[in-house]
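Summary of structural features
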Amino acid sequence: MTFLMDVIKGMLIGIANIIPGVSGGTMAVSLGIYDKLISSVSNLLRDWKKSLITLLPIILGCGIGIVGFTYIIEYLLSRHTFVTCMAFVGLILGGLPVLFSSLKGELKKSGSPIGISGILAFVVLFLAAAALPMVHTDDQVLKTFSVTPATLIALFLVGVVASATMVVPGVSGSLVMMILGYYYGIINTIKSFLDALRALDTAGLAHGFALLVPFGIGVLLGIFLIAKLITFLFEKFGVQTYCAILGLIVASPFAIFYNTGALNQIPSFFSIVVGLVLAGIFGFVTYKMGD
């Protein structure tokens, strides 16, 4: 049962990672598996068997979420933007009680109040997460890639940067890729690879494989490096780290609505009602899953 639940949680993290403005790290916190995810990645070389047992269902779920919802999410965000955003806001905010509980435990363990440093960490990271979507421009967006040494190196480096931000709650790795101009190219490459797989097109498979492998290696390396850093921060600055994560998560709804264009539309009364209902339902689901 635990394996299946972790697969489902991994699916939600995977879906979150392909939506600009939605943070996979935030989703992991909301679902109550962030700590064990970071710990397992950080200790992968030290205790690889235990780490792999923990990570396997989450990675499996992430893969299913990314592959299975690449097309669906694009449709939902284009046709039902407000409702889809509200559903994800519910998923994210439903995990706040779990985060507050973790912060309370850290305060009890440290025997000290939040203090100025905790408040400052919250405010700075809140402002950073709220401002990040506004950096995005549509200039020089790459929608297709050719297999060249320069492209492969660039994809590797983008994978490192994007995955590092994927692990940080409140920061969207897909949004970072969009800012760098690689988001649409990566999504189109994944789609083309899946289309080639269905059609058994060997040339298309080889082209997609050549592009996705360096990107995937970069993703794995970035996750491992940032996990080490976050583990250090939790050990040395636990209260401040939780406050910073809280600031990132509280700013997430604005980032989601801003970057998906939902703020540019006036939703219908029906959409508002459906959105609020879905936010409540998904918030409750996240709360129960993370409990």
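Residues numbered from 1 in each chain as written. Predicted model: local features only at pLDDT ≥ 70, side-chain atom pairs only at ≥ 80, totals over all residues. Heavy atoms only, no water.

Examining the packing of aromatic side chains
Under the definition given, this model contains five aromatic pairs. For the ring pair F234 and Y242, a centre distance of 5.0 Å and an interplane angle of 55° mean the geometry is tilted. Grouping residues by exposure puts F234 and Y242 together as buried. Connected via pairs of aromatic rings, a cluster forms that spans Y34, F234 and Y242. (Phe/Tyr/Trp six-rings, centres within 6.5 Å; stacked < 30°, edge-to-face > 60°. Buried < 20%, exposed > 50% of the residue type's maximum accessible area, 1.4 Å probe, protein only.)

As for the nonpolar core
Core analysis: the biggest nonpolar cluster contains 47 residues, and I13, M27, Y34 and F88 have the highest contact counts within it. Going through the elements one at a time, helix 1 (2-17), helix 2 (24-30), helix 3 (34-42), helix 4 (48-79), helix 5 (81-93), helix 6 (96-110), helix 11 (202-236) and helix 12 (238-259) are the ones with two or more residues in this core. If one sorts the elements of this core by residue count, helix 12 sits on top with nine residues. If sequence neighbours within four positions are ignored, I13 has contacts with G24, M27, A28, L31, I33, I58 and C62. Among the nonpolar cores identified, the runner-up in size contains 15 residues, and L155, A162, I187 and L194 belong to it. (Core = buried A, V, L, I, M, F, W, Y, C linked by side-chain atoms within 4.5 Å. Helix = DSSP H or I, 4+ residues; strand = E, 2+ residues; numbered from the N terminus. Contact = heavy atoms within 4.5 Å.)

Comments concerning the confidence of the model for the protein chain
In this model, the protein chain carries a mean pLDDT of 80, and residues with pLDDT of at least 70 account for 89%. Contacts from residues 137-141, a stretch scored under 50 in pLDDT, to residues over four places away or in other chains number three contacts. (pLDDT = per-residue confidence, 0-100.)

As for unusual backbone geometry
Even without a glycine there, the phi angle at L200 is positive, about 55°. Structurally, L200 can be placed in the loop between helix 10 (183-199) and helix 11. The exposure class assigned to L200 is exposed, which follows from its relative accessible area of 67%.

A few points about helix 5
For helix 5, spanning 13 residues, the distance from its first C-alpha to its last is 18 Å, which sits close to the expected 18 Å at 1.5 Å a residue. Most of helix 5 is tucked away, with twelve of its 13 residues classed as buried. (Expected span 1.5 Å × (residues − 1).)

Some points on the environment of L197
Turning to its location among the elements, L197 is positioned in helix 10. You can call L197 partly exposed: its relative accessible area is 46%. In the structure, L197 is positioned eleven residues away from G208 in sequence and 9.8 Å away in space, judged by C-alpha atoms.

Quick word on helix 11
Structural remark: α-helix, 3.6 residues per turn; residues separated by three or four positions point the same way. Between the first and last C-alpha of helix 11 there are 50 Å, a value that for 35 residues agrees with the 51 Å anticipated at 1.5 Å per step. The largest bend in helix 11 comes to about 25°, at L212, with the proline P214 one to four residues further on. One side-chain oxygen of the residue at the start of helix 11 lies 3.3 Å from the amide nitrogen of A203, identifying that residue as D201. (Bend = angle between axes of the 7 residues up to and from the residue. Polar contact = N/O pair within 3.5 Å; in protein donor to acceptor, adjacent residues only side chain to side chain.)

A closer look at the pattern of salt bridges
As enumerated under the stated definition, the model contains three salt bridges in all. The partner of K109 in a salt bridge is E106, and the shortest N-O contact between them spans 3.6 Å. Within this pair, K109 and its partner E106 are both found in helix 6, separated by three residues, close to a single helical turn. A relative accessible area of 63% places K109 in the exposed class. A salt bridge links R198 to D195, with the shortest nitrogen-to-oxygen separation between them at 2.4 Å. A residue pair is termed a helical-turn pair when its members lie 3 or 4 positions apart in one helix, as R198 and D195 do in helix 10 at three residues. Judged by its relative accessible area of 60%, R198 is exposed. (Salt bridge = Lys/Arg side-chain N within 4 Å of Asp/Glu carboxyl O.)

Some details on the environment of L212
Mapped onto the elements, L212 comes out in helix 11. On the basis of relative accessible area, L212 is assigned to the partly exposed category, the value being 22%. Not counting residues up to four positions away in its chain, the partners in contact with L212 are T189, I190 and F193.

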